[in-house]
Amino acid sequence: LPKQLSRRVQRPGVGNGLPGLHLQTSWASHQSEGQPRKTPRAVAGTSGCSESSVRYYAARSREANDTKSYFAIAEKLHQFIVADGYGHNGASCAAFSAGHLPRQISREFVQRAQRTPRGVAVDPMSGIKLGAEDAVADAWKDALAEGFAECERSAVQGQKGACGALFCAVARSGLYVGSIGIGRVVIGTEEADASVLCDEASNPHCAANSNEARRWILNPGESLPSGPTRFLGGEDAKRKEPRFMGFPDVVRLRHASERRYVIMGSADIWADGLEAPVNAAVQAYRAGHSPADAVVEQSKVDSDVVAVVLVLPGALG
């Protein structure tokens, strides 16, 4: 499981309005004519609201023909994807994975439910029969693991590049997050005094992750590579170094009684820490703007990034 981080984000100003269902998603901060920009501009995105009142926003910093980062939204399935390409041909692998992960995970969930109906599901360790909610949670976790594995097999066979991927499914039984690579999923939970508690829902797979260092089993004088240690695709790299792998972390988070902001973002979005993107998203939402645009625009200049922000009502599920 990823390490848990709990920090209070400084209370942002509260706006007078809340977003409607179909906001414009390019509310980039205005600057004087001729003044150079110090942050990226959100050039494209989308927003919407599902039948369960889950609001979603997405934005990217570059046009589609100049990016290695992609997002995908399966609104009816309540599934959301961010995929970032790594190295040569990374863009094609990211586009492939963004398009295939929701289908594969959904297919695996249906097949798992057919093989093991909720009424007969048991804990694999103890053999004790699972309650209905735990049975569904178990099916979701298996579906994410198998869906990522199927996407990895397809990417290795058909894609020459590599990518990281963040996946989030919103279900009645909770929030299910699958992650591989160096992007992050961070959750901000509102508290009674309007401050926001910040928690990590993923842990980047790189040298800074102590779990990866243990998994790698370094030889004397050896160190972890500087880039991602887990990714989808990248057949050549995995052939040369078998310790690279395509298996994700999968986490379930129960729904909170307060409003939550789920920020899924490319690695460069988090370059200055976790609090700035969460704070930007909360401020934008409360002011009636797109939180995804705000997250993109606080990242490093010239960054190639994508952000998807979910706003979950309290007591969901």
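What comes next is a walk through the structure. Remember, predicted model here, so these are calculated numbers, not experimental data.

Overview of the packing of helix H1 (residues 90-115) against helix H2 (residues 132-158)
Contact pair H1 / H2: the axes reach a minimum separation of 7 Å and the direction vectors enclose 140°. Here H1 is positioned oblique relative to H2, judged by the angle of their axes. In the crossing of H1 with H2, the sense of the turn from one axis to the other is right-handed.

Side note on the nonpolar core
The biggest cluster of nonpolar side chains holds 25 residues, and the ones touching the most others in it are Leu101, Ile105, Trp140, Phe148, Phe167, Tyr176 and Leu232. When residues of this core are traced back to their parent elements, those giving at least two are strand S5 (79-86), H1, H2, strand S6 (162-171) and strand S7 (174-180). With eight residues, H2 is the single largest residue contributor to this core. Ignoring sequence-local partners within four residues, the contact set of Phe148 consists of Leu101, Ile105, Ala165, Phe167, Gly178, Ser179, Ile180, Leu232 and Pro248.

A short note on helix H5 (residues 275-286)
When the terminal C-alpha atoms of H5 are compared, their 16 Å separation across twelve residues agrees well with the 16 Å that a helix rising 1.5 Å per residue should span. All of the buried residues in H5 are Pro277, Val278, Asn279, Ala280, Ala281, Val282, Ala284, Tyr285 and Arg286. At the exit of H5 stands Gly288, carrying a positive phi of roughly 85°.

Some details on the pairing of S5
Consecutive side chains along a regular strand alternate between the two faces of the sheet. The element S5 is largely enclosed, with a buried count of eight among its eight residues. By the alternation rule, side chains of S5 split into Gln79, Ile81, Ala83 and Gly85 and Phe80, Val82, Asp84 and Tyr86, which are all buried. Relative to S5, strand S4 (residues 69-74) is paired through six bridges, and the arrangement is antiparallel. Directly across from Ser69, in S5, lies its bridge partner Asp84. Here S4 folds back onto S5 in antiparallel fashion, the turn holding four residues, of which His78 has a positive phi close to 55°. As judged from the eight bridges shared by S5 and S6, these two strands associate in the antiparallel manner. Bridged to Gly85 within S6 is Cys163.

Focus: the pattern of salt bridges
For the coordinates displayed, the defined rule picks out 16 salt bridges. Glu200 serves as the salt-bridge partner of Arg184, at 2.6 Å between the closest nitrogen and oxygen. With Arg184 in strand S8 (residues 184-190) and Glu200 in strand S9 (residues 196-200), this residue pair connects regions lying 16 residues apart in the sequence. A salt bridge links Arg230 to Asp249; the nearest nitrogen and oxygen atoms lie 3.5 Å apart. Pair noted here: Arg230 is in the loop between helix H3 (210-216) and strand S10 (232-233) and Asp249 is in strand S11 (residues 249-253), with a separation of 19 residues, a long-range link. A relative accessible area of 9% means that Arg230 is categorised as buried. A residue is classified by how much of its surface remains accessible, and Asp249, at 19% relative accessible area, is buried. Ionic contacts of the salt-bridge type, sharing partners, join the residues Glu212, Arg215, Arg230 and Asp249 into one network.

Procedures and definitions
Residues numbered from 1 in each chain as written. Predicted model: local features only at pLDDT ≥ 70, side-chain atom pairs only at ≥ 80, totals over all residues. Heavy atoms only, no water. Axes fitted to C-alpha atoms, helices over the stretch in contact; angles between N-to-C directions. Helix = DSSP H or I, 4+ residues; strand = E, 2+ residues; numbered from the N terminus. Parallel < 35°, antiparallel > 145°, perpendicular 65-115°, else oblique. Left-handed = near helix turned anticlockwise from the far one by under 90°. Core = buried A, V, L, I, M, F, W, Y, C linked by side-chain atoms within 4.5 Å. Buried < 20%, exposed > 50% of the residue type's maximum accessible area, 1.4 Å probe, protein only. Contact = heavy atoms within 4.5 Å. Expected span 1.5 Å × (residues − 1). Pairing = 2+ DSSP bridges. Salt bridge = Lys/Arg side-chain N within 4 Å of Asp/Glu carboxyl O.

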